[in-house]
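Spelled out from the first residue to the last, the chains are:
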Amino acid sequence: MIASKNSSYLARIKPGWKFGALLVLSISLYLIDSWQLLLLSFILSIVLLLSAKVGFKQLRMPLMSLAMILSVVFVLLGLQTDWGNAIVSVLRLLTMCLFAYSVSLTTSFDAMLELFQQVASPLRFIGANPAQIALGLSMTIRFIPELKKVYLEVSEAQHARGLGNNPLAVSVPLVIRSLKIADETAEALDARGYDSAPYRR
Amino acid sequence: MELPPIRFENVTVSFEERDVLKDVSLTLNEQRIGIIGANGAGKSTLSRLINGLVLPTQGAVYVGDRDTQKHAKQIRRDVGFVFQNPANQIIMPLVSEDIAFGLKNLQLPKAERQKRVHETLAELNISHLADRESHTLSGGEQQMVALASVLAMQPRTIVFDEPTTMLDLRNRLAFQREIAKLEQRAIVVTHDLEILEDFDRVLVVTDGRIAFDGRPDEAIANYRQWSHA
């Protein structure tokens, strides 16, 4: 999930502190076995999320997906172990996810990338460039919807030609168009001053 | 705003043993310059030479005193580029972050980056898009964001490669108005001949050569005549 503009007090806290607190909270939740304490944590996570002024529209889809996944986990755990254990596990996961939403939805993507670059800075010692990895991550997130759009266009075109069920007919143009997008994006990166040498024709 | 001259000196560009541009020499001093010609004539290559995205196989291109082969990085700070398909030009997931991307490459401090992002969005009347996810924008909005991301870097020249091809009439006219308002030099590669009516100079590119170089009305007439032949 990408955070929209958020003006709550949580958005003003440094991302490092928020993600650090989330890590500590997540570990602590795993050490708690009492459902009463977990219920209290769950209520706290709801209060935190509400205080973060995150719009319901932004939360609707992730909460629906989460509810579906947790329902499956609950039933499977209940059948395999006991229902008490299932309640504790689901409560724990739900609480962790709500805390995580409070953090991710109040932190801009840019701030997350900066934090990632700081955390990954020791990777320089093995020759990796954290800034390039961060750019790769952001571009992956940016281009997933674009590739989905291309897939739907190609798929629709092949359906119109009666080849909709042929995986090769969809995958070949999809790969070619993806490579073209990659080429154009690389050119745009160069044009916008990203540090790389120009190519010679 | 002082505009540096752009000089092409005997420029040939070959690609896979085919000459895309052949021995082109010209100097661009005007503020509004159009480039027209058939598909595959060499227009896009000509435009990409200006900010070092493509380097000459023979000859040299200078922006001011700088040779694009030696100073591509510095030249790109002064020559912005707006591509045909804005969707592939927008790098970051959020609009404001995308506009700040080029400024980060210039290593500007965060406060200055934020100031320029806000100013540029306001200048183009698209402040309401600042927090939108890039993939949710319409084609017209994406092209405006692409222009904003270039304007934020405050270049003195902006090259547009068929910027209105993917736009509907309303967005095309809006984009045309924005180009007309620019203080910067605008070099526009286009098939949209109406855009060029108020330009200072138009080049007609045919088979890798400058077939005509002159006033818009004359250049367009020349191009129409060539197309009918």
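The name that an unreviewed UniProt entry assigns to chain B is ABC transporter ATP-binding protein, with the source organism given as Glutamicibacter nicotianae. Among the UniProt annotations of chain B, the heading Sequence similarities (unreviewed entry) holds the following wording: "Belongs to the ABC transporter superfamily."

Identification of chain A as Cobalt ABC transporter from Glutamicibacter nicotianae is taken from an unreviewed UniProt entry. Taken from UniProt, the Subcellular location (unreviewed entry) comment for chain A reads in full: "Membrane".

Caption draft 1: Examining the overall build of chain A more closely. Looking only at helices and strands, chain A features eight helices and one strand. Reading chain A from its N terminus to its C terminus gives the helix and strand order α-α-α-α-α-α-α-α-β. Here the C-alpha atoms of chain A give a radius of gyration of 22 Å, more than 25% beyond the 17 Å that 2.2 N^0.38 yields for 201 residues. Here the C-alpha coordinates of chain A stretch approximately 65 × 45 × 35 Å along the principal axes.

Caption draft 2: Representation of the UniProt feature "transmembrane region" (unreviewed entry) in chain A. Residues and elements named next belong to chain A. In the numbering adopted here, UniProt assigns the feature "transmembrane region" (unreviewed entry) to residues 15-32, 63-80 and 86-105. Between the C-alpha atoms that bound residues 63-80 there is a distance of 25 Å. The span itself is 100% helix and 0% strand. The straight-line gap between the two end C-alpha atoms of residues 86-105 is 28 Å; of that span, 95% is helix and 0% is strand.

Caption draft 3: Main features of the interface of chain A and chain B. Counting from both sides, the interface comprises 25 residues of chain A and, opposite them, 33 residues of chain B. Elements represented by at least two residues in the side of chain A that touches chain B include exactly helix H6 (109-119), helix H7 (130-160) and helix H8 (167-191) of chain A. Sorting elements by how many residues they give to the side of chain A that touches chain B places H8(A) first, with eight residues. By residue class, the composition of the side of chain A that touches chain B is 11 nonpolar, four polar and 10 charged.

Caption draft 4: Seen up close, the sheet that holds strand E6 (residues 66-67) of chain B. All names here are of chain B. Read across the open sheet, the four strands follow the order E2-E1-E5-E6; overall the sheet is antiparallel. The sheet is open, and its two borders are formed by strand E2 (18-28) and E6, each paired with just one other strand. As paired strands, strand E1 (residues 6-15) and strand E5 (residues 58-63) are joined by five bridges and run antiparallel to one another. Within E5, the residue paired with Thr-12 across the bridge is Gln-58.

Caption draft 5: The nonpolar core, seen in detail. The biggest cluster of nonpolar side chains holds 73 residues, and the ones touching the most others in it are Ile35(B), Ile50(B), Phe81(B), Val82(B), Ala148(B), Val150(B) and Val188(B). For this core, the leading source of residues is helix H5 (residues 139-151) of chain B, giving seven residues. Leu49(A), Val90(A), Leu94(A) and Leu105(A) belong to the second largest nonpolar core, which has 13 residues in total.

Caption draft 6: Highlighting the domain arrangement of chain A. Along its sequence, chain A is organised into domain 1 (9-107) and domain 2 (121-191). Using only C-alpha atoms to locate each centre, domain 1 of chain A and domain 2 of chain A end up separated by 32 Å.

Caption draft 7: Region of the structure containing the UniProt feature "domain: ABC transporter" (unreviewed entry) in chain B. Annotation from UniProt places "domain: ABC transporter" (unreviewed entry) at residues 6-229 of chain B. Between the C-alpha atoms that bound residues 6-229 of chain B the distance is 32 Å, and the span itself is 35% helix and 28% strand.

The rules behind each value
- Residues numbered from 1 in each chain as written.
- Chains lettered and ligands numbered in written order.
- Predicted model: local features only at pLDDT ≥ 70, side-chain atom pairs only at ≥ 80, totals over all residues.
- UniProt positions renumbered as here; feature names shortened; annotations may be inferred.
- Helix = DSSP H or I, 4+ residues; strand = E, 2+ residues; numbered from the N terminus.
- Rg over C-alpha atoms; globule rule 2.2 N^0.38 Å.
- Contact = placed C-beta atoms within 7 Å.
- Nonpolar A, V, L, I, M, F, W, Y, C, P; charged D, E, K, R; others polar.
- Pairing = 2+ DSSP bridges.
- Core = buried A, V, L, I, M, F, W, Y, C linked by C-beta atoms within 7 Å.
- Buried ≥ 20, exposed ≤ 12 C-beta atoms within 10 Å, placed from the backbone.
- Domains from an automatic or database assignment.

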